[in-house]
Amino acid sequence: WDADSCTRSAAVDFFKATGSLAARGGAAEQASRGLSDADGRVQAACAMALGHMKANKFADQVANLLNASYKGDTSVALSAAGLEPVLPATLRRPSCAAATALGLMGQEGAA
C-alpha cells in the first residue's frame, strides 16, 4: 500500500471509473486486504475502492470500519500549506469511507 495520498486518491479514481469490471480480475480481494491495515488512510482508500467495485461480499468487513476512530488530519495541514491537494473525508477517515462505500454497494451492501 502506498503512503502517498495522491497515489491512493488516483487508485480510488481508477476503481470509480472501472467499477465492477475491476472486481473480476481479483482487485476486490486485493483491496479487501487493506481493510485491516494499521493505517486508517489505507483502510479508507480500500473501502472506497470496494464500494466503487460494488464488491458486496466484503460489505461486512467494510461495515466494521464504521466505528473506526482514526482521523487522518495530517493531510489537512499539508493541503493548507499547499503541499498536496485537499482530500475528501472519505480518503482520510475510514468511518466516512465505510458509510459511503456501503451506500455505493447499494441495497446488497446495506443488508
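Higher on the page you've got the structure.
The model shown is predicted, which means the values in this text are computed figures rather than measured ones. (Residues numbered from 1 in each chain as written. Predicted model: local features only at pLDDT ≥ 70, side-chain atom pairs only at ≥ 80, totals over all residues. Heavy atoms only, no water.)

## Quick word on unusual backbone geometry
Here comes step 1: Although it is not a glycine, K54 adopts a positive phi angle of roughly 55°.
Here comes step 2: Turning to its location among the elements, K54 is positioned in the loop between α4 (40-52) and α5 (59-63).
Here comes step 3: Residue classification places K54 among the partly exposed positions, given a relative accessible area of 43%. (Helix = DSSP H or I, 4+ residues; strand = E, 2+ residues; numbered from the N terminus. Buried < 20%, exposed > 50% of the residue type's maximum accessible area, 1.4 Å probe, protein only.)

## A short note on the packing of helix α1 (residues 5-18) against α4
Here comes step 1: One way to put it is that α1 packs onto α4 with a least axis distance of 8 Å and a crossing angle of 10°. Looking at the two axes, α1 sits roughly parallel to α4. Residues R8, V12, F15 and K16 of α1 form the contact with α4, whose own contacting residues are R41, V42, A45, M48, A49 and H52.
Here comes step 2: Its residues assigned to classes, the contact of α1 with α4 comprises six nonpolar, one polar and three charged. (Axes fitted to C-alpha atoms, helices over the stretch in contact; angles between N-to-C directions. Parallel < 35°, antiparallel > 145°, perpendicular 65-115°, else oblique. Contact = heavy atoms within 4.5 Å. Nonpolar A, V, L, I, M, F, W, Y, C, P; charged D, E, K, R; others polar.)

## Quick look at the nonpolar core
Here comes step 1: L35, A47, L50, M53 and V62 are the most contacted members of the largest nonpolar core, which has 28 residues in total.
Here comes step 2: Within the residue set of this core, elements represented by two or more residues are α1, α3 (27-33), α4, α5 and α7 (94-105).
Here comes step 3: Sort the elements by how many residues they give to this core and α4 lands first, with eight residues.
Here comes step 4: Setting aside residues up to four positions removed in sequence, L35 forms contacts with Q43, C46, A47, L50, Q61, V62 and L65. (Core = buried A, V, L, I, M, F, W, Y, C linked by side-chain atoms within 4.5 Å.)

No statement about biological role is implied by the geometric values presented.
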